[in-house]
Amino acid sequence: MKKLIIVALTVICSISVFAQERDYNTQKGLSFGIGLPIEMRDLPGMGATLNIGYDCAYPVNDRFALGFYLTGGGGFWGEFKQYSTVDHVHAVFRLTAGLMMQIGDPKDRPWLVGVAPGTGFGLYDVDMVLPVELRFGKYLTDRWYIMGELTYHVSLAGETACLEPAIRVGYNFGRKVKARN
């Protein structure tokens, strides 16, 4: 129920921002990330993931923009100590949706904050997980931005305890709305 409320609020905020015409930069970006999933409980190990995402935020006022992001990706991880000679490399997959905020003046490299409180789906080997994610970043130029990301995969079976730090680089394809005369 909580997830449905969060998704509904994000959609309502995004739709209401579409109706407003303002002279601000909007964020419509494509981002790529590299992560290092670290399994700490069931089968200790480490691996690598590649992710691609869409980041979107629409201005609410002069110094704040609100929107959403979608991220999908996958990779692998291997056990530190092999328990089986047949199955010691495992697959990772995840799809995450979250709330994206842009804080600061859009013309002066604003900060980016993203939160996904279990609104997603993931497979860690054969264990289904809910990714709880926090992003924090900043624009490097008026188009390029970089974000750090920390994801904890909440296991629905109680077997996996996986932490995944990642770094993301994105490019903003958003445009500046022209003012009417």
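Structure: see above.
So, how was this worked out
- Residues numbered from 1 in each chain as written.
- Predicted model: local features only at pLDDT ≥ 70, side-chain atom pairs only at ≥ 80, totals over all residues.
- Heavy atoms only, no water.
- Helix = DSSP H or I, 4+ residues; strand = E, 2+ residues; numbered from the N terminus.
- Buried < 20%, exposed > 50% of the residue type's maximum accessible area, 1.4 Å probe, protein only.
- Contact = heavy atoms within 4.5 Å.
- Areas by Shrake-Rupley, 256 points an atom, 1.4 Å probe, with all protein chains shown as cover.
- Core = buried A, V, L, I, M, F, W, Y, C linked by side-chain atoms within 4.5 Å.
- Polar contact = N/O pair within 3.5 Å; in protein donor to acceptor, adjacent residues only side chain to side chain.
- Pairing = 2+ DSSP bridges.

Novice: Explain the overall build of the protein to me, please; I cannot follow it from the model alone.
Specialist: Check the secondary structure of the protein and you find one helix and 10 strands. In the protein, the succession of α and β elements from N to C terminus is α-β-β-β-β-β-β-β-β-β-β. Looking at the protein as a whole, 42% of its 181 residues are labelled buried. Of the contacts made within the protein by residues no fewer than 6 positions apart, 60% connect residues no fewer than 24 positions apart. Put simply, the protein shows about 10000 Å² of open surface, and 68% of that area lies on carbon and sulfur atoms.

Novice: Explanation requested: the nonpolar core in the structure shown.
Specialist: Grouped burial of nonpolar side chains is what soluble globular proteins tend to show. In this structure, Ala57, Ala65, Tyr69, Met100, Leu112, Ala116, Tyr139, Tyr145 and Met147 together form the largest nonpolar core, which totals nine residues. Among the nonpolar cores identified, the runner-up in size contains six residues, and Leu43, Trp77, Tyr124 and Val129 belong to it.

Novice: Would you mind showing me how to read the side chain of Arg135 here?
Specialist: Note that Arg135 resides in strand E8 (residues 127-139). By relative accessible area, which is 0% here, Arg135 ends up buried. A distance of 3.1 Å separates polar atoms of two side chains, one belonging to Arg135 and the other to Glu149. Apart from the residues within four sequence positions on either side, Arg135 is in contact with Asp55, Tyr69, Thr71, Met100, Leu112, Val113, Gly114, Met147, Gly148, Glu149 and Arg168.

Novice: Honestly, the pairing of strand E1 (residues 27-35) in this entry has me stumped. Any pointers?
Specialist: Every other side chain in a regular strand lies on the same face of the sheet, so the side chains alternate between the two faces. The side-chain alternation of E1 yields one buried face, formed by Gln27, Gly29, Ser31, Gly33 and Gly35, and one unburied face, formed by Lys28, Leu30, Phe32 and Ile34. With nine bridges connecting them, E1 and strand E3 (residues 45-61) associate as antiparallel partners. Residue Ile34 lies in a different strand from E3, and its bridge partner there is Leu50. Across seven bridges, E1 lies against strand E10 (residues 161-172) in antiparallel orientation. Each bridged residue has a counterpart across the sheet, and for Phe32 the counterpart in E10 is Val169.

Novice: Explain the side chain of Thr96 here, please?
Specialist: Along the chain, Thr96 turns up in strand E5 (residues 89-103). When near neighbours in sequence (up to four residues on either side) are disregarded, Thr96 contacts Tyr69, Leu70, Thr71, Ala116, Thr119, Gly120, Pro131 and Glu133.

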